[in-house]
Amino acid sequence: MEWLFSDDYFGYKFPEPQYLGAKYVHRGWIAENVPQNAEVVLDAFGGSQSVAYTLKQMGKTTLTNDFLSFDSKIGKALVENNSEKLSRNDLDILLSDNSNPEYFDLMDKVFSDIFFTHDDACFADSVRSNVSKLNNPLKESLALTVMCRSMTRKVTMGHFAHTQALVYAADPKRVQRNRSLVRPLKDLFLELVPEYNAAVFDNHKPNRSYNENILDLLPKLNDVDVVYFDPPYCNSHADYQSFYHLLETYVEYWKDKDFVNGTHRYEPKRYSGFDKKNEALESFKTMFRLSQKIPYWILSYNDRSYPDIETMVSLISPYKNVDIKRKKYCTSRGGKGSVAGSSEILLICTDK
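These numbers were taken from a predicted model, which means no experiment stands behind them.

Asker: Tell me about the packing of helix α7 (residues 137-154) against helix α10 (residues 185-199), and please be specific about residues and values.
Answerer: Geometrically, a packed helix pair is captured by the angle between its two axes and the distance between the axes. Between α7 and α10, whose axes approach to 9 Å, the crossing angle comes to 125°. With respect to α10, the element α7 is oriented oblique. Relative to α10, α7 is oriented so that their crossing is right-handed. Along its contact with α7, which presents Leu142, Ala143, Thr145, Val146, Met147, Arg149, Ser150, Met151, Arg153 and Lys154, the element α10 presents Leu185, Leu188, Phe189, Glu191, Leu192, Val193, Tyr196 and Asn197. Broken down by class, the residue content of the contact of α7 with α10 amounts to 11 nonpolar, three polar and four charged.

Rendered as structure tokens:
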């Protein structure tokens with residue numbers, strides 16, 4: 001990848017995500033379209049946070065947001081956080097016995113024998129019980145981020161929308177390809193801590209991670225120079241809450257949800273407004289109206305999504321001029337929006 005930006009911050013490495021729809025592979029292309037004179041940039045749908053992290057590396061004041069708590073914690077751990085790392089003493093706290101009755105056995109009760117063995121689920125419960133003992137919101141977010149990444153490494157395909165995790169972990173051929181399937185969750189966690197610690201850096205800007213629906217957040221923000229939108233690709237990508245429900249359950253440690261179907265996904269889901277056909281169009285109209293004072297927009301999209309590209313341009317045109325850039329997928333990357341032959345789209349939107 002050829003970067004157009006020269007800065008020492010690019011010596012830091014974002015821990016590669018295992019997350020369907022993550023823009024990790026496109027982050028250089030997106031960065032090339034961010035005006036170099038922009039000072040404050042908002043990543044409205046932060047997701048894995050790989051783009052927000054890149055914006056931070058570019059030396060921008062980076063605001064990132066996601067309506068899912070576990071995604072927001074990644075932003076807090078690696079974008080908002082400029083200095084806090086997990087020390088040996090912090091690890092001793094996290095690995096101590098589970099002594100908090102508020103965080104006792106949710107993972108074990110809900111997900112043992114589906115995604116994890118009893119021992120691994122109990123380990124996850126124990127770490128979650130000790131996170132608040134760090135008494136530091138940035139370190140707490142970092143610990144939760146590392147644990148969530150550990151759990152995706154532990155499960156075949158890295159998501160929780162199937163019930164074959166333990167079946168696959170018993171398959172010698174699959175284990176040969178991916179040893180993580182049979183490694184203790186504790187080992188994966190401890191292995192990842194140094195990688196995430198090394199990703200923490202200070203770009204000397206007041207970066208911030210939010211956890212809100214973007215339609216609620218936009219009216220609260222002022223003086224944003226660029227907004228990057230990576231909304232759910234309605235009708236062409238996975239239902240993220242179904243695929244990553246376990247991570248949200250873990251971070252929130254819910255006790256007032258129903259856990260439904262074979263994967264024990266939480267119900268009701270969090271409200272997005274962008275992932276259903278009967279809601280997406282109005283949500284886009286509202287989002288663009290609320291963003292009209294932001295001079296420059298970049299929107300990631302896909303040519304198999306709803307609404308189609310022509311409709312998206314028509315929704316943006318009252319506020320901005322639109323330039324369309326395309327990258328064709330030559331191989332499939334997961335989800336029918338990224339199959340070979342489909343195109344990843346950037347809509348570059350500038351003031352009229």
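That shown, we press on.
Asker: Pulling in residues and values, what's your account of the pattern of salt bridges?
Answerer: Within the structure shown, the criterion is met by 18 salt bridges. The residue Lys23 makes a salt bridge to Glu344 at a minimum N-O spacing of 3.7 Å. Here the residue Lys23 occupies a position in the segment before α1 (27-32), and Glu344 occupies one in strand β9 (residues 343-351), the gap between them amounting to 321 residues. As far as the burial class goes, Lys23 and Glu344 line up, both buried. Note that Asp105 is salt-bridged to Lys109, the shortest N-O span being 3.9 Å. Salt bridges linked by common partners bring Lys23, Asp230 and Glu344 together as one network.

Asker: Describe the nonpolar core, listing the residues and the values that go with them.
Answerer: One finds Leu78, Met107, Phe116 and Met151 to be the most contacted residues of the largest nonpolar core, which totals 56 residues. At the level of secondary structure, the elements contributing two or more residues to this core comprise α3 (69-80), α4 (88-94), α5 (106-111), α6 (118-130), α7, α10, α12 (240-243) and α13 (245-252). If you tally residues by element for this core, the top one is α7, at seven residues. Sequence-distant contacts of Phe116, that is, excluding residues within four places in its chain, are made with Met107, Phe111, Ala121, Met151, Lys154, Val155, Phe160, Leu166 and Leu246. Counting 30 residues, the second-largest nonpolar core is a separate cluster that includes Leu63, Ile214, Leu217 and Phe274.

The rules behind these values
- Residues numbered from 1 in each chain as written.
- Predicted model: local features only at pLDDT ≥ 70, side-chain atom pairs only at ≥ 80, totals over all residues.
- Heavy atoms only, no water.
- Axes fitted to C-alpha atoms, helices over the stretch in contact; angles between N-to-C directions.
- Helix = DSSP H or I, 4+ residues; strand = E, 2+ residues; numbered from the N terminus.
- Parallel < 35°, antiparallel > 145°, perpendicular 65-115°, else oblique.
- Left-handed = near helix turned anticlockwise from the far one by under 90°.
- Contact = heavy atoms within 4.5 Å.
- Nonpolar A, V, L, I, M, F, W, Y, C, P; charged D, E, K, R; others polar.
- Salt bridge = Lys/Arg side-chain N within 4 Å of Asp/Glu carboxyl O.
- Buried < 20%, exposed > 50% of the residue type's maximum accessible area, 1.4 Å probe, protein only.
- Core = buried A, V, L, I, M, F, W, Y, C linked by side-chain atoms within 4.5 Å.

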